[in-house]
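# An overview of the molecular structure
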Amino acid sequence: MNEYTIAEIEVGMEASFSKQITKEMEDSFRIITGDENPLHKDDEFAREIGGDKFTRHAAFGMLTASLYSTMAGMYLPGKYSLIHSFEEISFTKPVFVGDELTIAGEVIDKIEDLRLIVLKVTIRNQNNKVVSRARMKVLVMK
């Protein structure tokens, strides 16, 4: 876990990490949220409604988006983070169990007197395809 303070953070700083999506992650997310939509558990249903976009059921978009929290809470800035808001979040391609995601963030703005940074974060799959992107504001508490 990084421990960047607002004084240490500079525009242009970058960080990245990887995470594989597993069935256990899907099952845990389903239990936590109560989301039983068949798109996220029934391969045949997903193929039927998704056409050529879905070869099997899709992982929850918000499970993928939860990795934005990891970016702020562990990497940029890390320990002293408090997510303030998302200016933008999009899901551009489906994610499936077994996908290896790379989450890359960059500080694109810093407002020191507010102790606030703006991160641009992109999530790509193992084929280097963007599956989600976000712009988020993070308070740096120290």
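The model shown is predicted, which means the values in this text are computed figures rather than measured ones.

### Some remarks on the pattern of salt bridges
If you walk through the whole model with that rule in mind, you get 5 salt bridges. Here Lys23 and Asp27 are joined by a salt bridge, their closest N and O atoms 2.8 Å apart. Placement of the pair is Lys23 and Asp27 together in helix H1 (residues 23–33), with a separation of 4 residues, close to one helical turn. The exposure class assigned to Lys23 is partly exposed, which follows from its relative accessible area of 47%.

### Re the pairing of strand E3 (residues 100–111)
Both strand E1 (residues 14–20) and E3 contribute to a ladder of 7 bridges, which runs antiparallel. Its bridge partner being in E3, Lys19 is matched across the sheet by Leu101. Bridging between E3 and strand E4 (residues 116–124) involves 9 bridges; their strand directions are antiparallel. Within E4, the position partnered with Gly105 by the bridge is Val121. Where E3 folds back on E4, the antiparallel hairpin that results is connected by 4 residues, among which Arg115 adopts a positive phi of roughly 55 degrees.

### What about a nonpolar patch on the surface?
A cluster of nonpolar side chains, namely Met62, Ile83, Phe86, Ile89 and Phe91, defines an oily patch on the protein surface of about 440 Å² accessible area. Counting residues per element, the nonpolar patch draws most heavily on strand E2 (residues 81–91), at 4 residues. Looking at the secondary structure, you find Phe91 in strand E2.

Parameters and conventions
Residues numbered from 1 in each chain as written. Predicted model: local features only at pLDDT ≥ 70, side-chain atom pairs only at ≥ 80, totals over all residues. Heavy atoms only, no water. Salt bridge = Lys/Arg side-chain N within 4 Å of Asp/Glu carboxyl O. Helix = DSSP H or I, 4+ residues; strand = E, 2+ residues; numbered from the N terminus. Buried < 20%, exposed > 50% of the residue type's maximum accessible area, 1.4 Å probe, protein only. Pairing = 2+ DSSP bridges. Patch = residues over 30% accessible without salt bridge, like charges linked within 9 Å, V, L, I, M, F, W, Y side chains within 5 Å. Areas by Shrake-Rupley, 256 points an atom, 1.4 Å probe, with all protein chains shown as cover.

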